[in-house]
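These are the residues of each chain, in order.
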Amino acid sequence: MSELSVNHLLGIKYLTAKDIDLIFKTADHFKEVINRPIKKVPSLRDITIANLFFENSTRTRLSFELAEKRLSADIINFSAGSSSVSKGETLIDTVNNILAMKVDMVVMRHPNPGAGIFLSKNVRASIINAGDGTHEHPTQALLDSYSIREKLGEVKGKKIVIVGDILHSRVALSNIFALKLQGAEVKVCGPKTLIPKYIQSLGVGVETNLIKALEWCDVANMLRVQNERMEISYFPSTREYTQQFGLNKEILNSLNKEIVVMHPGPINRGVEITSDVADSKQAIILDQVQNGVAIRMAVIYLLASKIKP
Amino acid sequence: MSQKVLLNAKEINIILHRLACQLIEDHPDFENTVIIGIQPRGVFLADRIIKLLQEEFNIKNIPYGHLDITFYRDDFRRSDKPLEANKTKIDFIVEDKKVIFIDDVLYTGRSIRAALTAIQSFGRPKEIELLTLIDRRFSRHLPIQPDYNGRQVDAINDEKVKVHWKDIHGEDAVYLLPKENNTAISGKQKKE
């Protein structure tokens, strides 16, 4: 049991509990590596990785790039704005042209759900989904679970509430799959308009009252309201959203236990979470970022080990 | 063909004492010396040497760490079996120190080559020495030799040398396994 069951990381949906366990164990080793005086290992020196970002990203792109560099891979970066995509080139053509330069692995973020799956069926390279529209963001869910495991010992049996824009959130969907796979209890909380109609079929509970949800949980994962994906108004005003679903210090202190606060970033300070909560001891937001590099190193390393020279 | 005993418990005991004495001869007070066991099996030998140095020769506070070389190996993606990493634990700086690598069997020398690269991540040692229990001479792929050696063995490439330790496998012994028995016996040993 030291090999992943998949050749691509397209979504948590395709992983097994054993895969997640292997990724976490490997990430433990890489976490030790990135805390050394020299934070680099030569494992992937004969692997070339293309980072294709058809949609904006700061954290994820930097985190992937750093993980690849720490593993000594050669990398090429591509962002849609400055490319031939605007000249009308198709996705397969773009990627095949890049692969013609002898690239072994592709990390892709794309605004269309299923873009990674489509690509994996049409090109010869190992694909890592770095976010496909409103579908999945598997490495984010892995680093979230890994951070919970680090903080609370294990994920199994823990109660996690995901608060905010569930409808447009790939982080929420991947997190639900990952947490359920590891035996956690999950609830979602947010305005009814931002909760998908059949979300219960994934085995999660729905709570529309933030205080009740927080009193139930061990961990609260506060999501960002994705205004850029909203073509219509899902709630009357940002102010009203904040009043009902924003987490502030007063609410946090009123709870009868100390919960862990997470946020995948980027934070809209003062909307879904106030500054004093984001910067408090209960928030593990920056731990999530640090763990992101270790998790991505583990995923890249494990997938690369399946590419035969 | 059955397995052949290369060393029994009594012989191993004598060799461990000799190796410990040789280390003391070259590193009288271990003041500027650190010991690194190479994961996974070098650690078993290093544990025993450390125990001897502490209990029988009364040398305390020797800096002792474990080094995993998985991410530094040159056969990544080339071996049939995927490599599983072990824990690295070095909570001291090796800058300007004399480092002693300890591994159980020196075969092709590739593990030690990887360890020489890996240790650089923890600083620039003053010098590095190598202690092994078994030296399979004639099998080397690289110009690497031990400074302290338990026993030299002439084993052909298809044979396998397997070291057993009392704490882990229930006995101190070194076996030479012939070619056809390799998989059967190593399979059994994995379960232990």
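Residues numbered from 1 in each chain as written. Chains lettered and ligands numbered in written order. Predicted model: local features only at pLDDT ≥ 70, side-chain atom pairs only at ≥ 80, totals over all residues.

**Quick look at the overall build of chain A**
Alright, step 1. The number of helices and strands found in chain A is eleven helices and nine strands.
Alright, step 2. Seen through its C-alpha atoms, chain A measures out along the principal axes to roughly 55 × 45 × 35 Å.
Alright, step 3. Buried positions account for 46% of the 309 residues belonging to chain A.
Alright, step 4. Across chain A, every contact between residues at least 6 apart in sequence was considered, and the portion connecting residues at least 24 apart equals 75%. (Helix = DSSP H or I, 4+ residues; strand = E, 2+ residues; numbered from the N terminus. Buried ≥ 20, exposed ≤ 12 C-beta atoms within 10 Å, placed from the backbone. Contact = placed C-beta atoms within 7 Å.)

**Remarks on the interface of chain A and chain B**
Alright, step 1. With 15 residues of chain A at the contact, the number on the chain B side is 14 residues.
Alright, step 2. A per-class count over the side of chain A that touches chain B returns six nonpolar, five polar and four charged. (Nonpolar A, V, L, I, M, F, W, Y, C, P; charged D, E, K, R; others polar.)

**Points about the UniProt feature "domain: Phosphoribosyltransferase" (unreviewed entry) in chain B**
Alright, step 1. In the UniProt entry, the feature "domain: Phosphoribosyltransferase" (unreviewed entry) is given for residues 3-158 of chain B.
Alright, step 2. For residues 3-158 of chain B, the end-to-end C-alpha separation is 13 Å, with 26% helix and 25% strand making up the annotated structure. (UniProt positions renumbered as here; feature names shortened; annotations may be inferred.)

**Regarding helix α1 (residues 9-26) of chain B**
Residue and element names in this part refer to chain B.
Alright, step 1. Between its first and last C-alpha, α1 extends 26 Å over 18 residues, near the 26 Å set by a 1.5 Å rise per residue.
Alright, step 2. Residues of α1 that are buried include every one of I12, L19, A20 and L23, and no others. Take α1 and look down its axis: the buried residues cluster within an arc of 100°, on one side only. Those residues of α1 that are exposed and aimed more than 90 degrees away from the buried face are K10, I14 and E25.
Alright, step 3. Where the residues of α1 are buried, they touch β1 (4-7), α2 (42-55), β4 (98-106), β5 (127-136) and β6 (148-153). (Expected span 1.5 Å × (residues − 1). Arc of directions from axis to C-beta.)

**Here's the deal with the domain arrangement of chain A**
For an interface, size is often stated in terms of accessible area lost upon the parts coming together.
All names here are of chain A.
Alright, step 1. If you check the domain split of chain A, you get domain 1 (12-136 + 290-304) and domain 2 (138-288).
Alright, step 2. Taking the mean C-alpha position of each, domain 1 and domain 2 sit 25 Å from one another.
Alright, step 3. When residues of the side of domain 1 that touches domain 2 are traced back to their parent elements, those giving at least two are α1 (17-33), β4 (126-132) and α11 (285-304). (Domains from an automatic or database assignment.)

**Overview of the environment of Y301(A)**
Residues and elements named next belong to chain A.
Alright, step 1. Structurally, Y301 can be placed in helix α11.
Alright, step 2. Linking Y301 and S79, residues 222 residues apart in sequence, is a C-alpha distance of 24 Å.
Alright, step 3. Setting aside residues no more than four positions away along its own chain, Y301 makes contact with T26, S43 and L71.

**Overview of the confidence of the model for chain B**
Residue and element names in this part refer to chain B.
Alright, step 1. When pLDDT is averaged along chain B, the result is 89, and 93% of the positions lie at 70 or above.
Alright, step 2. Here residues 184-192 scores under 50 on pLDDT; set against residues more than four positions off or in separate chains, the count is five contacts.
Alright, step 3. Model confidence for the complex is summarised by a pTM of 0.90, with the ipTM given as 0.80. (pLDDT = per-residue confidence, 0-100.)

**A short note on the sheet that holds strand β9 (residues 260-262) of chain A**
Each strand in a sheet pairs with another by means of backbone hydrogen bonds, the pair being arranged parallel or else antiparallel.
All names here are of chain A.
Alright, step 1. What the five strands build is an open sheet, ordered β7-β6-β5-β8-β9; its pairing is parallel. Each end of this open sheet is capped by a strand with a single partner; those strands are β7 (205-207) and β9. Across the sheet, the mean angle separating the axes of adjacent strands is 25° when strand polarity is ignored.
Alright, step 2. Relative to β9, strand β8 (residues 219-222) is paired through three bridges, and the arrangement is parallel. Within β9, the position partnered with N221 by the bridge is M262.
Alright, step 3. Packing of helix α6 (residues 170-181) onto the sheet brings it into contact with β5 (159-163), β6 (185-189) and β8, and relative to β6 it is tilted by some 160°. (Pairing = 2+ DSSP bridges. Axes fitted to C-alpha atoms, helices over the stretch in contact; angles between N-to-C directions.)

**Structural notes on the sheet that holds strand β3 (residues 105-110) of chain A**
Residue and element names in this part refer to chain A.
Alright, step 1. A sheet is described by the order of its strands in space; here four strands give the open sequence β2-β1-β3-β4, paired in parallel fashion. The open sheet is flanked by β2 (74-79) and β4, the only strands paired with a single partner. Here the strands of the sheet are splayed against their neighbours by 15° on average, with no regard to which way each runs.
Alright, step 2. The pairing of β3 with β4 spans five bridges and is classified as parallel. Counted as the bridge partner of M105 is S126 from β4.

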